[in-house]
Each structure stands twice: as structure tokens, then as C-alpha cells.
Amino acid sequence: DTFFFRLKFIFGPSAVPALDLVDQRSVTRVTSPSGRTAYQVLGSSGKPYTCYSSCHFCTCPAFDFAVVQKSESLLCKHILAVYLSLAMGACQELSVSEEQLTSILLAGEEDEG
């Protein structure tokens, strides 16, 4: 309970939905032979979002609005789910070719623009 309350205090309303995503095993670490890594998080709506833990970025609209534009939050629920799933050993693993990873990364950019 203490862990949960600390998460909620620090990350606010993102904590509970992020834990739900972790419980549903919605986070997948996608790696290529070159070692490039991205994370795909299946959002509660069923849409996949691409997250980059190395630069603290997500392709979801909430990240753009609440984190980038309004500076109301430190992160979105998808990025928090990535960090939590890594810490808890609950991250799915997927190895893909360089071309497949490029397609995943470009699909995330198309959703943004």
C-alpha cells in the first residue's frame, strides 16, 4: 500500500492507469539486431503507442498535451507503465528486423503529424 500511495503522490492520476497497463502486460520492449530499442504500449483504447525511455517520449496525445504543451505532468501513463514494467520484470519482449523497427518508429511519427 505504501508503494501505491507514493506512486500516486508523485505521478498523480497517471499512476493507477499505468499500473493497470502493467497488470494487463501491455508493455513490449521491441529490439532490433543493432541493439536499437523502443517500447510499444497497448493503450486502454486498444491503440499502440511508441515510447522511448532513453529520451522520455511517447506518441500519445496526452503526452503532447499534458507534458509538452501544458507542463502539467512529468509523464503520461504509457511511459510510467514502461518504467514500472521494467522494474517489475513484466515487460514483454519482441525481437524484430531493422526494417520492422523502422516501420514501427515511422508509424508512431505518422500518428503525431
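Anything mentioned here points back to the structure above.
Residues numbered from 1 in each chain as written. Predicted model: local features only at pLDDT ≥ 70, side-chain atom pairs only at ≥ 80, totals over all residues. Heavy atoms only, no water.

## Structural notes on the nonpolar core
Core analysis: the largest hydrophobic core is formed by 24 residues, its most contacted members being V27, C51, C58, F63, I79 and L84. At the level of elements, helix 2 (15-23), strand 2 (37-42), strand 3 (48-52), helix 3 (61-69) and helix 4 (77-88) are the ones that each hand at least two residues to this core. For C51, the residues in contact, after removing those within four places along its chain, are A38, Y39, V41, F57, C58, H78, I79 and V82. (Core = buried A, V, L, I, M, F, W, Y, C linked by side-chain atoms within 4.5 Å. Buried < 20%, exposed > 50% of the residue type's maximum accessible area, 1.4 Å probe, protein only. Helix = DSSP H or I, 4+ residues; strand = E, 2+ residues; numbered from the N terminus. Contact = heavy atoms within 4.5 Å.)

## Looking at helix 3
Among the residues of helix 3, those classed as buried are F63, A66 and V67. For helix 3, the arc enclosing every buried residue in end-on projection is 100°, short of the 170-degree limit, so these residues lie on one face. Of the exposed residues in helix 3, those oriented more than 90 degrees away from the buried face are P61 and Q69. Of the surrounding elements, those touching the buried residues of helix 3 are strand 4 (57-58) and helix 4. (Arc of directions from axis to C-beta.)

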